Amino acid sequence: MARNITPRQENYSQWYLDVIKAAELADYAPVRGCMVIRPTGYSIWESIQSKFDAAFKKTGHVNAYFPLLIPDSFFRKEAEHVEGFAPELAMVTHAGGEKLEEPYAVRPTSETVIGSMYSKWIQSWRDLPVLINQWCNVMRWEKRPRLFLRTSEFLWQEGHTAHETAQEAREETLRMLEVYRSIIENEIAIPVLAGEKTAGERFPGAVDTYTCEAMMSDTKALQAGTSHFLGQNFAKAFDIQYQNREGELDYCWTTSWGVSTRLIGALIMTHSDDDGLIVPPRIAPVKAAIIPISKDESVAENDILPKAKELSAKLDDELGGMFTKVDTDFHARPADRFFTHLQKGVPLRLELGEKDLAAGTVRIVRRDTGAKIDAANDKVVETVKNLLDEIQSNLFTKAKTFRDNNTHDASSYDELKEIIESKGGFVRAYFGGTPEDETRIREETGATPRVIVPGDHKGKCIITGNEGARLTVFAKAY
RNA sequence: CGGGGCGUAGCGCAGUCUGGUUAGCGCACCUGCUUUGGGAGCAGGGGGUCGGAAGUUCGAAUCUUCUCGCCCCGACCA
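Residues numbered from 1 in each chain as written. Chains lettered and ligands numbered in written order. Predicted model: local features only at pLDDT ≥ 70, side-chain atom pairs only at ≥ 80, totals over all residues. Heavy atoms only, no water.

1. Quick look at the overall build of chain A
We count it as follows: In DSSP terms, a helix is any run of H or I states spanning at least four residues, a strand is any run of E spanning at least two, and both are numbered starting from the N terminus. Exposure categories follow from relative accessible area, calculated using a 1.4 Å probe and restricted to protein chains: below 20% of the type maximum is buried, above 50% is exposed, and the middle band is partly exposed. For this analysis, residues touch if any pair of their heavy atoms sits within 4.5 Å. Each accessible area is a Shrake-Rupley estimate made with a 1.4 Å probe; only the visible protein chains count as cover when residues are assessed. In this count, Lys and Arg are taken as positive residues and Asp and Glu as negative ones, while His and the chain termini are left out. For the purpose of locating charges, the reference atoms are NZ of Lys, CZ of Arg, CG of Asp and CD of Glu.
When helices and strands are tallied, chain A shows 14 helices and 24 strands. Along the first, second and third principal axes, the C-alpha set of chain A runs to 80 × 55 × 50 Å. For chain A, the proportion of its 478 residues judged to be buried stands at 54%. Long-range contacts, defined as pairs at least 24 residues apart, comprise 67% of the intrachain contacts of chain A with a sequence gap of at least 6. Within the structure as shown, chain A displays about 21500 Å² of accessible surface, and the carbon and sulfur contribution to it stands at 48%. Mean positive and mean negative side-chain charge positions of chain A (59 and 71 charges, respectively) differ by 3 Å.

Pasting the structure below:
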């Protein structure tokens with residue numbers, strides 16, 4: 001049992017912070033609300049990034065980079081956008097030792113700068129669609145920061161597309177939502193509900209917002225990715241016009257979508273346990289730690305290490321890329337070395353000692369279950385491959401079962417209130433109310449509508465009593 | 001931003017109320033020996049000026065004022 005991590009049951013937030021610290025994922029920076037992403041954490045981000053980036057390329061998107069500083073006036077061009085972001089903008093008022101004529105905002109998101117550029121680049125329907133993504137940092141001055149979940153500065157990806165028709169833009173919005181769902185579920189092993197947000201939860205300036213909503217292991221909800229249909233709001237604000245097929249001027253239809261380093265927070269709070277981090281195999285930068293052990297340090301180094309390196313090379317070679325890491329911390333005792341990799345969430349631990357060499361086997365230990373398997377040398381590659389697949393699916397299934405077990409139905413507002421208070425988790429109820437109703441529900445229960453359940457579920461609204469309300473998931477959220 | 005808690009060695013803490021010789025303890029770290037398959041034992045070491053600033057005092061970790069930061073709850077949050 002880990003002795004440097006507070007048990008989850010005792011104090012969930014402390015557990016979360018302890019896991020991050022023990023796995024050396026991040027540390028607090030000198031500036032309030034900012035964090036340093038340490039190598040172990042950053043390598044997980046790189047791994048996540050590469051999955052998404054490949055998928056974006058596959059769906060026809062290209063990467064570009066837009067500047068960090070945005071003229072303050074840009075934000076005022078879209079009424080809802082400015083209202084939504086004004087409170088969290090960081091402003092640069094001085095530069096070069098002088099006060100600036102017009103302050104620059106440190107980007108909280110780039111719809112505005114990108115919109116201004118699109119208006120220059122797009123002339124004709126032949127220029128469309130424009131499908132651009134950028135990987136960058138953004139800053140939102142948060143009142144209550146939490147590592148990975150809500151920091152003032154964070155890393156993310158923002159896709160910005162412009163289309164000829166509303167239909168096409170809507171399809172794009174949903175296409176990217178599906179890309180998100182599939183990667184978050186299949187690679188990061190986090191089950192999500194991919195669906196529409198209610199009016200009160202919309203991105204400022206969007207016509208429709210969609211989310212991939214996940215449940216953390218304390219039953220609170222976390223928005224893991226969003227995709228927005230922006231209609232012609234930004235096109236009108238930034239004058240993104242093109243000449244259509246009939247020769248007339250028309251406004252584009254735009255979308256934007258993003259996932260951030262918050263996914264690392266989601267990964268932690270979905271899979272990890274009281275021993276520390278657990279990283280799903282497909283995301284894990286190191287999938288197996290190979291640990292040569294012997295009572296005699298020189299034997300470990302001179303006799304066993306070469307075998308370990310051989311095994312490492314074989315696994316890397318047959319299973320692809322930077323697959324394994326050989327632990328050469330011979331001065332530490334085995335148990336200490338085991339814990340290091342355990343806490344960093346490495347999916348498999350391969351122990352190689354004199355006993356194993358004599359028996360022609362390798363001892364394999366699973367991070368998710370702790371199960372130990374002695375695999376014969378000629379079966380190691382196959383066993384490792386199978387175990388990684390098993391761990392991947394086990395993590396997903398476990399998380400999904402947990403979510404399903406903590407999802408309840410409410411047929412009245414009172415019942416919703418009662419369930420949120422007594423059990424927590426996701427509560428499904430028919431809802432067709434206004435943003436004002438949402439505010440009231442939040443004030444009275446602490447829960448908010450997280451996502452409209454995908455599919456055509458209609459019923460009687462628990463607030464207004466009107467028929468035709470959509471089945472909506474309510475929960476307390478991060 | 002409001003309420004509460006807290007900043008003393010890398011981490012966790014004691015000491016603060018009732019100012020006073022070289023500021024302690026556990027873990028971690030370093031050296032040696034014995035150990036070694038889920039966080040070892042003994043012995044010997046290194047490391048802090050007490051979050052920061054100003055003040056009171058012969059004397060401040062301890063008292064006063066200001067300030068910075070962290071955690072929890074609340075408000076807010078695409």
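2. A short note on the packing of helix 13 (residues 413-422) against helix 14 (residues 435-445)
Helix-helix packing is characterised by the crossing angle of the two axes and by the distance between the axes. The criterion, for reference: Between the N-to-C directions of two axes lies an angle of 0 to 180 degrees, each axis being a line fitted to C-alpha atoms and, for a helix, fitted only over the stretch in contact. Geometric relationships in this document are graded by angle, where less than 35 degrees denotes roughly parallel, more than 145 denotes roughly antiparallel, 65 to 115 denotes roughly perpendicular, and other angles denote oblique. A crossing counts as left-handed when the near helix is turned anticlockwise from the far one by less than a right angle, and as right-handed when that turn is clockwise.
Contact pair helix 13 / helix 14: the axes reach a minimum separation of 10 Å and the direction vectors enclose 45°. When the axes of helix 13 and helix 14 are compared, the pair comes out oblique. Between helix 13 and helix 14 lies a crossing of right-handed hand. The residues of helix 14 that touch helix 13, namely those facing Tyr413, Leu416, Lys417 and Ile420, are Arg440, Ile441, Glu444 and Thr445.

3. Some remarks on a nonpolar patch on the surface
Applied cut-off: Excluding any residue in a salt bridge, patches collect residues exceeding 30% relative accessible area, merging like charges within 9 Å and nonpolar Val, Leu, Ile, Met, Phe, Trp and Tyr side chains within 5 Å. Salt bridges are defined as contacts in which a side-chain nitrogen from Lys or Arg sits within 4 Å of a carboxyl oxygen from Asp or Glu.
The grouping of Tyr65, Leu68, Leu69 and Tyr104 at the surface amounts to a nonpolar patch, some 360 Å² of accessible area in total. As for its placement among the helices and strands, Leu69 is situated in strand 4 (residues 69-71). Judged by relative accessible area, Leu69 falls into the partly exposed class, the value being 35%.

4. A closer look at the pairing of strand 24 (residues 469-475)
Looking along a regular strand, one sees the side chains alternate between the two faces of the sheet. Put simply, the rule is: Whether two strands pair depends on DSSP finding at least two bridges between them.
Counting buried positions along strand 24 yields 6 of 7 residues, so the element is predominantly enclosed. Relative to strand 24, strand 21 (residues 426-431) is paired through 5 bridges, and the arrangement is antiparallel. Looking at the pairing, Phe431 lines up with Arg470 of strand 24. Sheet analysis places strand 22 (residues 448-452) next to strand 24, joined by 4 bridges and oriented antiparallel. Bridge pairing in strand 24 places Pro449 opposite Phe474. With 2 bridges joining them, strand 23 (residues 458-459) and strand 24 adopt antiparallel strand pairing.

5. Observations regarding the confidence of the model for chain A
Worth spelling out the cut-off: On a scale of 0 to 100, pLDDT captures the predictor's confidence in every residue.
Here chain A averages 93 in pLDDT, while 100% of its residues score no lower than 70. Complex prediction metrics read pTM 0.95 and ipTM 0.83.

6. Some thoughts on the protein's contact with RNA strand B
Put simply, the rule is: The nearness test applies per residue and asks whether one of its heavy atoms lies within 4 Å of the molecule or strand. For this analysis, a polar contact is any N or O atom pair within 3.5 Å, provided that within protein one partner can donate a hydrogen and the other can accept it, and provided that sequence-adjacent residues contribute only side-chain to side-chain pairs.
Lining the immediate surroundings of RNA strand B are 40 residues, of which Arg3, Arg140, Phe203, Lys295 and Arg333 lie closest. When atoms of RNA strand B within 4 Å of the protein are split into backbone and base, the sugar-phosphate part holds 44%. In this structure, Asp275 approaches RNA strand B through a side-chain N or O atom, which is 3.0 Å from a base nitrogen. Take Arg349: an N or O atom from its side chain is 3.3 Å from a base nitrogen of RNA strand B.

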